[in-house]
Structure formats: C-alpha cells, structure tokens
Amino acid sequence: ATSSAWADFMNEEGFGAGDAPTPSTTAPAATSTATSTSNNTTTDEKDSNKKLKTNENEQQPKATSTSTESKKSTSPPPSSKPTIKSSAVDEQRDYQLPITVPTPTPGILAQSGTLDSTTIGRTKRTLSETYDLQEPTILAYKSIFNQSKTAIIATSSTSAHSIAITTDGVAYAWGRNEMGQCGIGSGTSACVPLPTKIELEGKFVGAAVGKNHSVLVEEDGSVWAVGGNKYGQCGVNTKIEAILKWKKCVFDTDSSEEIEIVQASCGENFTVVLSSEGYMYSAGLSEFGQLGNGETGEYFISANKLAFANATKFERRSNFAYLPSDIEHSNNKMEESKKIIPLPNSSDIRIGSISCGKNHTVAIEAPIQHKSQPSRVFTWGCGGYGVLGHAVQADEYTPRLVGTMTGAMFQNNNPIRAEAGAHCSMILTENGHVYYCGKHRSVGEATMRPTLVD
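Residues numbered from 1 in each chain as written. Predicted model: local features only at pLDDT ≥ 70, side-chain atom pairs only at ≥ 80, totals over all residues. Heavy atoms only, no water.

With that settled, consider the overall build of the protein chain. Counting its regular elements, the protein chain contains three helices and 26 strands. Counting every position in the protein chain, which comprises 454 residues, the buried fraction comes to 43%. Long-range contacts, defined as pairs at least 24 residues apart, comprise 52% of the intrachain contacts of the protein chain with a sequence gap of at least 6. When the accessible surface of the protein chain is split by element, carbon and sulfur atoms take 50% of a total near 24100 Å². (Helix = DSSP H or I, 4+ residues; strand = E, 2+ residues; numbered from the N terminus. Buried < 20%, exposed > 50% of the residue type's maximum accessible area, 1.4 Å probe, protein only. Contact = heavy atoms within 4.5 Å. Areas by Shrake-Rupley, 256 points an atom, 1.4 Å probe, with all protein chains shown as cover.)

Below, the discussion takes up the sheet that holds strand β11 (residues 261-266). What the four strands build is an open sheet, ordered β11-β12-β13-β16; its pairing is antiparallel. Single-partner strands in this sheet number two, and they are β11 and β16 (311-317). Within the sheet, the average angular offset between the axes of one strand and its neighbour, ignoring direction, is 20 degrees. Judged from the four bridges that link them, strand β13 (residues 280-284) and β16 form a sheet pairing that is antiparallel. Bridge pairing links Ser-282 to Glu-315 in β16. (Pairing = 2+ DSSP bridges. Axes fitted to C-alpha atoms, helices over the stretch in contact; angles between N-to-C directions.)

Bringing the packing of aromatic side chains into the picture now. Within this structure, the stated rule accounts for five aromatic pairs. One aromatic cluster in this structure is built from Phe-251, Tyr-281 and Phe-314. The ring of Tyr-279 is capped by Arg-316, whose NZ or CZ atom sits 3.7 Å from the centre of that ring. (Phe/Tyr/Trp six-rings, centres within 6.5 Å; stacked < 30°, edge-to-face > 60°. Lys NZ or Arg CZ within 6 Å of the ring centre and 35° of its normal.)

Bringing the sheet that holds strand β25 (residues 434-438) into the picture now. Overall, antiparallel pairing links the four strands, which are arranged β23-β24-β25-β26 in an open sheet. Lying at the two open borders of the sheet, with one neighbouring strand each, are β23 (415-420) and β26 (447-452). Between one strand axis and the next, the sheet turns by 15 degrees as a mean value, whatever way the strands run. Across five bridges, the pairing between strand β24 (residues 424-429) and β25 is antiparallel. Within the sheet, the bridge partner assigned to Ser-425 lies in β25 and is Cys-437.

Ile-163, Ile-165, Leu-216 and Trp-246 are the most contacted members of the largest nonpolar core, which totals 27 residues. Among the secondary structure elements, those contributing two or more residues to this core are β3 (150-154), β4 (161-166), β5 (171-177), β7 (204-209) and β9 (223-228). For this core, the element with the highest residue contribution is β5, accounting for four residues. When residues no more than four places from it in sequence are discounted, the contact partners of Leu-216 are Ile-163, Ile-165, Ala-171, Ile-198, Leu-200, Phe-204, Gly-206, Ala-207, Ser-222, Val-223, Trp-224 and Trp-246. If you look at the next biggest cluster of nonpolar residues, it comprises 25 residues, including Tyr-95, Val-272, Ala-311 and Ala-363. (Core = buried A, V, L, I, M, F, W, Y, C linked by side-chain atoms within 4.5 Å.)

What follows concerns the pairing of β5. With seven of seven residues buried, β5 is to be regarded as a mostly interior element. Two strands pair when backbone bridges link them, and β4 and β5 are joined in this way by five bridges, in the antiparallel orientation. Its bridge partner lying in β5, His-161 is registered against Gly-175. Hairpin remark: β4 followed by β5, antiparallel, with four residues in the connecting loop; positive phi at Gly-169, about 85 degrees. Bridging between β5 and strand β6 (residues 189-197) involves five bridges; their strand directions are antiparallel.

Further remarks concern the confidence of the model for the protein chain. On average, residues of the protein chain score 83 in pLDDT, and 78% of them are at 70 or above. Low confidence marks residues 20-85, where pLDDT is under 50. Its contacts with residues over four positions away, or in another chain, come to 38 contacts. (pLDDT = per-residue confidence, 0-100.)

So, about the pattern of salt bridges. For side chains of opposite charge, pairing can occur when their charged atoms come near one another. Applying the stated criterion to the full structure yields 11 salt bridges. One salt bridge in this structure joins Asp-132 and Arg-125, with 2.8 Å as the shortest N-O distance. With a relative accessible area of 28%, Arg-125 lands in the partly exposed category. One salt bridge connects Glu-219 with Lys-203, and the closest N-O pair in it is separated by 4.0 Å. (Salt bridge = Lys/Arg side-chain N within 4 Å of Asp/Glu carboxyl O.)

Following Leu-97, the chain continues to Pro-98 via a peptide bond in cis, the omega torsion being 0 degrees. Tracing the backbone through its elements, the reader meets Pro-98 in the loop between α3 (43-74) and β1 (110-114). The backbone phi angle of Asn-237 is positive, close to 65 degrees, even though this residue is not glycine. Assignment of secondary structure puts Asn-237 in the loop between β9 and β10 (242-248). Within the chain, Asn-345 stands out as a residue other than glycine whose phi angle is a positive 55 degrees.

Relative to the helices and strands, Pro-415 resides in strand β23. Spatially, the C-alpha atoms of Pro-415 and Ser-353 are 9.9 Å apart, while their sequence positions differ by 62 residues. Filtering out sequence-adjacent residues up to four positions away, Pro-415 remains in contact with Ile-364, Ser-375, Val-377, Met-405, Phe-410, Ile-427, Leu-428 and Thr-429.

Position of Trp-246 among the secondary structure elements: in strand β10. If near-sequence neighbours (up to four positions away) are discounted, Trp-246 is found in contact with Ile-163, Cys-182, Gly-183, Ile-198, Leu-200, Ser-214, Val-215, Leu-216, Trp-224, Ala-225 and Val-226. One polar contact links the side chain of Trp-246 to the main-chain carbonyl oxygen of Gly-183, over a distance of 3.1 Å. (Polar contact = N/O pair within 3.5 Å; in protein donor to acceptor, adjacent residues only side chain to side chain.)

For the rest of this paragraph, the subject is the environment of Ala-242. Inspection of the secondary structure puts Ala-242 in strand β10. Under the relative-accessibility criterion, Ala-242 is labelled partly exposed at 24%. Between the C-alpha atoms of Ala-242 and Thr-188, which are 54 residues apart in sequence, the distance is 9.9 Å. Residues in contact with Ala-242, not counting those within four places in the same chain, are Met-179, Gly-227, Gly-228 and Asn-229.

Here the focus is the state of the cysteines. Here a disulfide denotes one covalent bond, and it connects the sulfur atoms of two cysteines. Taken as a whole and judged by the stated rule, the model has zero disulfides. With no disulfide of its own, Cys-424 has Cys-437 as its nearest cysteine by sulfur position, at a separation of 8.1 Å. Residue class for Cys-424 comes out buried when judged on its relative accessible area of 10%. (Disulfide = S-S within 2.5 Å.)

Put into structure tokens, the structure is as follows:
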C-alpha cells in the first residue's frame, strides 16, 4: 500500500512508472520497511531499485571528482611576484680593487669672472673693474705657485670659493670666506681675492668644496675639514656652527678598521667620501635623503619648526635599492614591480666614483674584473627636475639603481665617471659618451631620464 501510494504520487508529478523512485532511495528508514514487506513489492519496483542503486554507484566517483576539482580551485594561486633575471641585479660581481681616482693632466691655473666673491649671486653690478676678469686669465703662476703646475681644482655649483692643489701636493684656497671655509689662518674674512697657501702639513691629493665648507684628502687617506658646520657637514663629530681651523674628520667605525679615503665630494650642506675599498661614507644635512641612509629623520623641535637627524661624523652607507619595473625583462604591470626593494648582496657593492650636486649624489659602481658586466649607476637625494634620472620628481633616501643605464647597450660602453651640477647630473662612459638628466637653465623642460648628449 505504501509503494502504491508513492507510485500514484509520482505519477501525478509527471514521473513514469519505471522512473519513479521509491522511498528506499531517499530515506534509509523507508528501506527497512520496504524490505520487511517485500512480498508486496512488484517485479518492476525491484528492477527500479536495482537501477537506482546502479545509478548511485555510477554517480559516486563523479562526486569525488567534483570534490577534487573544488579543492584544486580553492588552492592559493601561484605567486604573482615578478621574477627578475638580469645581470644588473642578480649576478655576483668581482671588483677591481683598490679604487684609484685618475687625476687630469697638470696645467697652469686660469680663471675668468670676478675676483670679488662677496658680490657673486648677491648683486647685479656691471663687471667693469680691473679684478673682473672678462676672459680666462692666468693667476700668479710665478709669484704664488712658484711655477708649479696645478693637478686638481675643487669648485662646485653651490660654492663661491675654490681650492687648487699643485703637483707637489700643496693646497691653495681663495674666494668667499665668511665662515672660514678657505682655511686661511684661524679667522674669517669677507673674501680671499687671490689663491693663498693653506698652512696645513701634509701632501694633499684631493679636495672638495660646499656652500661654506671645504674638505682636503691627504696622501695617507686621512680627511680634513674646515668652515660652516651647522648641519655637521664637516664630519668632525661636533655641532659647532663653524670650524675655523682645519680638523681631522671622524668616522663611525671600529677603531681597528683602517680607512683610506681616495675621493671627496661636497653638496651644499653635506659631504660624501669614498675609500680605497669602494665604500661610501656621508655626513651633514639629511633633509632630502642626501646622506643615503634610508631616512631624513624629520622631527618637530617646536610647533612650526622642523629639524632632521643630521650626521656629525662620517658613517658608512651600504644599502642599495632598485625598482623591478626599471630592469630589463621584468613584468612592469605587476604591482610588486612598482615597489622599490633592496638589491641582493647590497653590502658587497663597491663604488668607484662619486659626485654631489646641491642636494643629491651620483655614484658609479667600481669597475668589474674582465668587464663581465657594466658598472651600475646609483642616485639619491633631492629629485627635483628629474635630476636623479628616475623619470619622476621624487626624493630618494637610499642609493637607487638608474634602470635606463643598464642592459646590453652599456656592455661595451661602461659608465666610468659622474659629475653633478646644482640641478643636473652627467655620466661619462668609456667610449666618451655623455648622458644628461635634470635641468640647468631657467627656461625649457627638464630631462627626466639620462639622455645621450649629441
């Protein structure tokens, strides 16, 4: 009676007699009832039960397969991080050490422009005085330099004073001296009009000048500084505003470590020096990240006044970074490729040439043994006018790889030297090509990436 009522119900719902499922297929309790009343079950119903059981067995593997597929579909997708395979990033490098800085062919010092440095950039008077040099003029070759040729000249776009070093290693300074930056005697003066010998013992092989401070590199690798020190740019481990006598620079390193400095460069209010092992050290103002230590250290000293974590002694900078989308073969559509990340083996990178602009620095990697890879170019500091060559006007707090200066184009045209202006940068390659970025005129657009100069 039960199965007959069930069959009638299924017929009303549109199922045929052979297709109608019995309660045994849907409720386990009904199965035992059907078994106990098997005498009342028709042959067709038995066949139908066999069919349904067979169908259940056939469908079971499908359910398992679906479950497996479901598991597969819910598993986490493969990592979307970009795979960078580039010699500019991955390969270990074998450097040519120690670092040596080539000196230009010695010559006779000549100067043009006014010798009255107190007026430079401050007044717009007509250059009509006898000390306003209208063309390159030899300065006291016999009376001051004793006919010694000049081997090195230190000047910059941010300074109004200069230093010259002769082939004998004697240093001379002249120009603006309001903070004692010429290092002549032990006081200040408005101007030192002509080259004057610096009375400091030692043979000097390098020099650099900032807005109002100066640095000398001695033959034994020691470094001396004088002049304005408001931001610690002299690197003598003091916050005295002006250093009026030459003082030896201090390095924040293990006392047993010997550091031989071979090159120095000054920005407006900071200094970067390079050791014979290719390590960089910086001191001074950190407002735009020009120290290359990954931060500015900005903090409030009053409600409306900011200060920065400046460095009063030289500290080594060994962190280098890159943007994956700048490197050849990277997937620049991925979000991860737009994040600046550390370079592998950052602490092993060695530098061969440095140059500071007003608030930025350009560094060229040390030469590689057998020229197996081209030297890389790094920039950091103030990024105004595209001076860093990264196609954006953004400051960089860590030395960042200039991606456009990598790749096959530079395999046989190695970058070898950098020069920085106040708001521009230039890179010289071994084939004599010059790449430029930034802006050096008050009119026109800035060049945002290093571009070959015609």
